[in-house]
Amino acid sequence: MSAPLCDMFMKNVCKFCNVRSHIQRQVGRCRFKHDGHHSVIKVDEQAMDKMEKGGITFKKHPGLIGLRTVKIPAELEKAIDVTIENYPLSNLREKAKTLFRYLQSRREPVEQSVFNAKLMEIEEEIKKKANVNVEELDETGKEKYENEMRKKITKRVKQLIYHWQPMKYDAPKAIQYLVARTAADYSSILHCLKEIKNKDPEFEPRAIYDFGSGVGTTVWAANKIWNTGVFEYYCVDKSSEMNTLARLLLQDGQEQKNMRISGVYFRNFSPSDNLNKFNIVVCANTLMDLSSSDERHDLIEKLWNMTEDYLVLIEKGGYSGFRLINEARNLLLSKSADEDNPSLGHVFSPCSHDKPCPKLKDRNSPCFFETKYTPLKQFEPSGTAQKEWFSYLIFKTGPRKQGIVWPRIIQQVKKPSRHTHCHLCCPDGTLRHVVISDAKHGKGLYKCSRYSQWGDQLPAIIVPQSDESDEKSQQSNTETHISSENIDNDNLISSHERVVLTSSEQPSGELTEHKDSHVKNNQSVRTNDEQSESRDIPDYNLTNS
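Residues numbered from 1 in each chain as written. Predicted model: local features only at pLDDT ≥ 70, side-chain atom pairs only at ≥ 80, totals over all residues. Heavy atoms only, no water.

Colleague: What's the story with the overall build of the protein chain in this structure? I'm lost.
Modeller: Along the backbone of the protein chain there are 17 helices and 14 strands. Within the protein chain, the proportion of its 545 residues that are buried is 50%. Put simply, of all contacts in the protein chain between residues at least 6 apart along the chain, 80% involve residues at least 24 apart. Entry remark: accessible area of the protein chain is about 27,300 Å², with carbon and sulfur atoms responsible for 50%. (Helix = DSSP H or I, 4+ residues; strand = E, 2+ residues; numbered from the N terminus. Buried < 20%, exposed > 50% of the residue type's maximum accessible area, 1.4 Å probe, protein only. Contact = heavy atoms within 4.5 Å. Areas by Shrake-Rupley, 256 points an atom, 1.4 Å probe, with all protein chains shown as cover.)

So, in structure tokens, the structure goes:
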């Protein structure tokens, strides 16, 4: 191709890309005006007064979780170094990274009824495509035909249905898990416990139960928050090697020493849920290891029966982890529907309501949050901060207290010049995208929004507004959006929202088959074998039943 033709071609390509980018930018600016809800946001004056009287700056407003980049305690890091030195493994870093990627790629097992229905559908499809009259075949032909069909069906099943396997941790695998997941698990558990401490500062737990305790990260995180106030840690894990490793870390890596934190007990089996009560019950990254929804329901009911104050459930961020958390949320809310029921409870966090998840209902997207942590040097020698995406649920016993409840920020806050974009999950069970500026909302709310991050609560009140006044405010907001030429739609909306279908395109209670590209690209790169196993495997839908 000659130079003039090449230049002309490139100029047309650039022109097309500019037009396309301009259209996307205009659509994006008007996409989440108010999500169809008539309301106005204003600052919580009571919170502002308390901040002023207490000398609290906007940088430390009460809606913040207060965690930036989490680093595991120095004592735990030293104990890990001693343990790895005493029990060395070849190629530890490579094996730990492989395990990390595998754990990130795991999904919940397919239910047997779904598996059978899919198997029959595959069998009918393959036999119809083969178009062979079996009655015309002799015995040898029938046997050959059945063998060929069996091979084709098995191959197709492996392609379309996720092959779930339970995790088994021997001693080497436990060391690999220690290096791969300790820092990440510690950061997500600390995030949840810190939120309990912030929102209920007078609460002092005496006993904590950790189901699926692994290497004991819950013990270290709770000790960081409440120090010596906890008198009993009851840790249960089916792997004896995990329990041994967790105890060794509390002994600074030396078997002859006493445990650094007292009152810690390790068991392989759960205690009776009728005879034992704990102030906090934690189940982190364990629901994925149960083989069916019936097992998960039985476990959640037992954990709830043992809960005296708070039940904390944590799973990895993304569609599969959120499905399990949402399933547990619906189960617990159904048990709490009757006010005369002794197992009455409510969602303490992250939701500020007990209604169906609006992010799933309205945007068909999973709800998860982000925390940053410093990985172990054995896993990442450079020490570069990593991101952990996780879905969680904190369920509290008793009825919800009446009073002002702040909305929660459910995705990354965008902070262009002189205004802030916040996507909020509100106490009335709706989603709202608000654009906060100093001129319209005052210095207090504007400054708080500038210092808030994904997962924090915004000290604000959503006030319903009449249709007429709201129409004027929406018109002014739209004009403001269109005039802001410096905002790109790719930056306005977080990347995991780009694959979400609106409620008019999909049923409101179902998750689509799209993958969460944000989690996939940033957290882990799956190996070729893992990709080939799960390629073309659909995510089975989850309803808000």
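Still more to cover.
Colleague: I'm lost on the packing of aromatic side chains in this one. Help?
Modeller: Aromatic rings considered in pairs are described by the distance between their centres and by the relative angle of their planes. In this structure the tally under the stated criterion is twelve aromatic pairs. Taking the centre distance of 5.5 Å and the plane angle of 55° together, the rings of Phe100 and Phe379 count as tilted. Residue Phe100 is located in helix α4 (residues 92–105), and its partner Phe379 is located in the loop between β9 (369–373) and β10 (386–397); the two are separated by 279 residues in the primary sequence. On the basis of relative accessibility, which here comes to 7%, the residue Phe100 falls in the buried class. Relative to Phe348, the ring of Tyr310 has its centre 5.0 Å away and its plane inclined at 75°; by these criteria the two rings are edge-to-face. Taken as a pair, Tyr310 in strand β7 (residues 307–316) and Phe348 in strand β8 (residues 345–349) lie far apart in primary sequence, 38 residues in all. Phe348 carries the same exposure label as Tyr310, and that label is buried. Grouped by ring-pair contacts, the aromatic residues Phe203, Trp226, Tyr310 and Phe348 constitute a single cluster. For Lys97, the ring lying beneath its charged end belongs to Phe379, and the centroid distance is 4.2 Å. (Phe/Tyr/Trp six-rings, centres within 6.5 Å; stacked < 30°, edge-to-face > 60°. Lys NZ or Arg CZ within 6 Å of the ring centre and 35° of its normal.)

Colleague: Teacher, can you tell me more about the pairing of β10 here?
Modeller: Remark: a regular strand shows side chains that alternate across the two faces of the sheet. Counted residue by residue, β10 has nine buried out of twelve residues, so it is predominantly covered. Of the pairings in the sheet, the one linking β7 to β10 comprises seven bridges and is antiparallel in character. The residue bridging Glu315 from the neighbouring strand is Ser391, located in β10. Across four bridges, β8 lies against β10 in antiparallel orientation. (Pairing = 2+ DSSP bridges.)

Colleague: How do you make sense of the packing of α4 against helix α7 (residues 171–199) when you look at a structure like this?
Modeller: Relative placement of two packed helices is described by the angle separating their axes and the distance separating the axes. In the contact formed by α4 and α7, the axes pass within 8 Å of each other and the chain directions differ by 75°. With respect to α7, the axis of α4 lies roughly perpendicular. In this structure, α4 contributes Leu92, Lys95, Ala96, Leu99, Phe100, Leu103 and Gln104 to the contact, and α7 contributes Lys173, Ile175, Gln176, Tyr177, Val179, Ala180 and Arg181. Split by residue class, the contact of α4 with α7 holds nine nonpolar, two polar and three charged. (Axes fitted to C-alpha atoms, helices over the stretch in contact; angles between N-to-C directions. Parallel < 35°, antiparallel > 145°, perpendicular 65-115°, else oblique. Nonpolar A, V, L, I, M, F, W, Y, C, P; charged D, E, K, R; others polar.)

Colleague: I'm lost on the side chain of His441 in this one. Help?
Modeller: By secondary structure assignment, the location of His441 is in helix α13 (residues 438–451). For His441, a relative accessible area of 18% corresponds to the buried category. Discounting residues that sit within four places of it in the chain, His441 has contacts with Ile41, Val435 and Ile436.

Colleague: Would you mind going over the sheet that holds strand β13 (residues 431–436) with me for this structure?
Modeller: Strand pairing in a sheet relies on backbone hydrogen bonds, with the paired strands running either antiparallel or parallel. Pairing within the open sheet is antiparallel, and its three strands lie in the order β11-β12-β13. The sheet is open, and its two edges are formed by β11 (408–409) and β13, each paired on a single side. The sheet contact formed by strand β12 (residues 420–425) and β13 spans six bridges and is antiparallel. Residue pairing in the sheet places Cys425 in a bridge with Leu431 of β13. Sheet strands touched by α13: β12 and β13. Its angle to β13, the strand with the most contacts, is close to 115°.

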